[in-house]
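A closer look at the structure
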Amino acid sequence: MANIITRPSWYIPESRVTAERFFLNRRKFLRQLGVAGAGAMSLSAIGCREGTAADAAPVAAPKTLAAVTPSKSFPAPRHPDFNPDWKLSEEEMTATYNNFYEFTLNKDVHRYVGNFQTDPWSIEITGLCENPMKVSPQELVSEFGLEERVYRFRCVEAWAMVVPWTGFQFSKLIEKAKPKAEAKFIRMLTASKPEEMPGVKRVPDYPWPYFEGLRLDEAMNPLTLVATGIYGKPMAKQYGAPIRLVVPWKYGYKSIKSIVKIEFTDKQPKTFWETLQPQEYPFESNVDPKVPHPRWSQATHRMIDTNARERTLPLNGYADHVGHLYKRA
Ligand SMILES: Nc1nc2c(c(=O)[nH]1)N[C@H]1C(S)=C(S)[C@@H](COP(=O)(O)O)O[C@H]1N2
Ligand SMILES: [Mo]
């Protein structure tokens, strides 16, 4: 518990916070805001109430996604099915408000990525598949090409953004790897480079390297994107360069950054956050406004650039695309 103060405030349940000074300071902070309980903090801290929130826009699924001719370079053509007239979040904001704990537990990740080497880079594809391989992001891009998609992105901490990712459908890579019939899940791993990632050394009791997982059918869904760029250019390191996942209907932590390994398995893999707090960050982690986080409501979110408050939609507005994955027989 030595480094508890270095953890984000949302990580440790209040009942388990034993660092007295931290606990008292947070209480005092909440009192100053006139907040009765910690559960209300995420809403009250920005001075907004759920009742005033506008609706986020749902995204209707076409029967099949339109074909788009990908490019090998930036900027890539925008996918017509993901070209909504939403206002994009300001790049200045999304590039300076990130979660990437390998560097820092705070949002100013961009200050700490200077020594992070993202080229050359190798990704190992392994486990229950016919075609295991080691490839570079450049090889994947030259094979699959790039397209741009405007997606909403919703963090479990109740902030959100709308950004144009550049990448390719994860399904293309999965098909190339040829999963065996027994493969039911995919486990993914982030690079572990303690010399280049100051957060790894600073919080040694986290189970590094960061790992995540999806069901194979979730990974194969056309919405699941492997991204190498954002805002029409290669992504800056704080977004998870050189290659990351984007799963827009799940809370942000499922969208693992700086991937070095993709493994096909027959068992549901554990994830980084599930290992730390299973009640708060379960494997599935679909965006759901009706299921509050144990310590705050998930009914609304705050857009990081405008501070506008919106009502969160089931599956983050992508129910038409992925709702069928969660229908009970
Ligand atoms: N390796 C790794 N991937 C990660 C994280 C992380 O700390 N390490 N944070 C996750 C969380 S909590 C969120 S909200 C998103 C943030 O993505 P962004 O910084 O591009 O907005 O990345 C996710 N992927
Ligand atoms: Mo997050």
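For the structure itself, consult the block above.
To keep things clear, this report deals only with the structure shown in the data block. Because the structure is predicted, anything quoted here is derived from the model rather than measured.

What counts and what doesn't
Residues numbered from 1 in each chain as written. Chains lettered and ligands numbered in written order. Predicted model: local features only at pLDDT ≥ 70, side-chain atom pairs only at ≥ 80, totals over all residues. Heavy atoms only, no water. Buried < 20%, exposed > 50% of the residue type's maximum accessible area, 1.4 Å probe, protein only. Helix = DSSP H or I, 4+ residues; strand = E, 2+ residues; numbered from the N terminus. Pairing = 2+ DSSP bridges. Axes fitted to C-alpha atoms, helices over the stretch in contact; angles between N-to-C directions. Contact = heavy atoms within 4.5 Å. Phe/Tyr/Trp six-rings, centres within 6.5 Å; stacked < 30°, edge-to-face > 60°. Lys NZ or Arg CZ within 6 Å of the ring centre and 35° of its normal. Arc of directions from axis to C-beta. Core = buried A, V, L, I, M, F, W, Y, C linked by side-chain atoms within 4.5 Å. Salt bridge = Lys/Arg side-chain N within 4 Å of Asp/Glu carboxyl O.

1. Some remarks on the pairing of strand 6 (residues 185-190)
Along strand 6, five of the six residues are buried, which leaves the element largely enclosed by surrounding structure. In this sheet, strand 7 (residues 211-215) lies alongside strand 6 in antiparallel orientation, the contact comprising five bridges. Paired with Leu-189 across the bridge in strand 7 is Phe-211. Sheet analysis places strand 6 next to strand 11 (residues 259-265), joined by six bridges and oriented antiparallel. Among the inter-strand pairings, Ile-186 is bridged to a residue of strand 11, identified as Phe-264.

2. Brief notes about unusual backbone geometry
Between Phe-74 and Pro-75 the backbone carries a cis peptide bond, its omega angle lying at -10°. Cis geometry marks the peptide bond from Trp-208 to Pro-209; its omega dihedral reads -10°. Mapping Pro-209 onto the fold places it in the loop between helix 6 (198-202) and strand 7. We note that Lys-178 has phi near 55°; this positive angle belongs to a residue other than glycine. The residue Lys-178 is located in the loop between helix 5 (170-177) and strand 6 in this model. The phi torsion at Leu-315 lies on the positive side, around 55°, for a residue other than glycine. Looking at the element boundaries, Leu-315 is found in the loop between strand 13 (309-311) and helix 9 (319-322).

3. What about the pairing of strand 11?
Taken together, the four bridges between strand 2 (residues 123-127) and strand 11 define a ladder with parallel strand orientation. From the neighbouring strand, Thr-126 faces strand 11, where its bridge partner is Glu-263.

4. What to know about the sheet that holds strand 7
Strand order across the open sheet formed by five strands is 3-2-11-6-7, with mixed pairing between neighbours. Of all strands in the sheet, those bounded by a partner on one side alone are strand 3 (133-135) and strand 7. Each adjacent strand pair in this sheet contributes to an overall mean axis angle of 15°, direction not counted. Here helix 4 (residues 137-144) sits on the sheet and contacts strand 2 and strand 3; the angle it forms with strand 3, its principal contact strand, is near 95°. Its contacts with the sheet place helix 5 against strand 2, strand 3, strand 6 and strand 11, and it is angled at close to 60° to strand 11.

5. Structural notes on the packing of aromatic side chains
If you walk through the whole model with that rule in mind, you get 21 aromatic pairs. An aromatic cluster of at least three residues, connected via ring pairs, comprises Tyr-101, Tyr-206, Trp-208, Tyr-210, Phe-211, Tyr-253, Phe-272, Trp-273 and Tyr-281. The aromatic ring of Tyr-97 is capped on one face by Lys-107, whose charged end is 5.6 Å from the ring centroid. A cation over an aromatic ring shows up here: Lys-254 above the ring of Phe-283, its NZ or CZ 4.3 Å from the ring centre.

6. Side note on helix 4
Count 3.6 residues to each turn of an α-helix, and residues three or four apart come out pointing the same way. Those residues of helix 4 that sit buried are Pro-137, Leu-140, Val-141 and Phe-144. Down the axis of helix 4, the sector holding all buried residues measures 100°, keeping them to one side. On the buried face of helix 4, the contacting elements are strand 2, strand 3, strand 5 (159-169), helix 5 and strand 8 (225-230). Phi for Gly-145, located one or two positions after helix 4, is positive at around 75°.

7. Digging into the nonpolar core
Counting 83 residues, the largest nonpolar core has Trp-165 and Phe-170 as its most contacted members. Broken down by element, this core gets its largest block of residues, seven residues, from strand 5. Dropping the residues within four chain positions of it, Trp-165 is found in contact with Glu-147, Glu-148, Arg-149, Tyr-151, Phe-153, Leu-225, Ala-227, Gly-229, Ile-230, Met-235, Arg-244 and Val-246.

8. Digging into the pattern of salt bridges
On inspection of all chains with the given rule, the structure shows 17 salt bridges. One salt bridge in this structure joins Asp-55 and Arg-311, with 2.9 Å as the shortest N-O distance. Separated by 256 residues along the polypeptide, Asp-55 in strand 1 (residues 54-55) and Arg-311 in strand 13 bring together distant segments of the chain. Residue classification places Arg-311 among the partly exposed positions, given a relative accessible area of 34%. Across the salt bridge formed by Glu-212 and Lys-254, the nearest N and O atoms sit 2.8 Å from each other. With Glu-212 in strand 7 and Lys-254 in the loop between strand 10 (244-246) and strand 11, this pair connects stretches of sequence that are 42 residues apart. Lys-254 sits in the buried class, given a relative accessible area of 1%. Through salt bridges with shared partners, a single network forms among Lys-87, Glu-90 and Asp-305.

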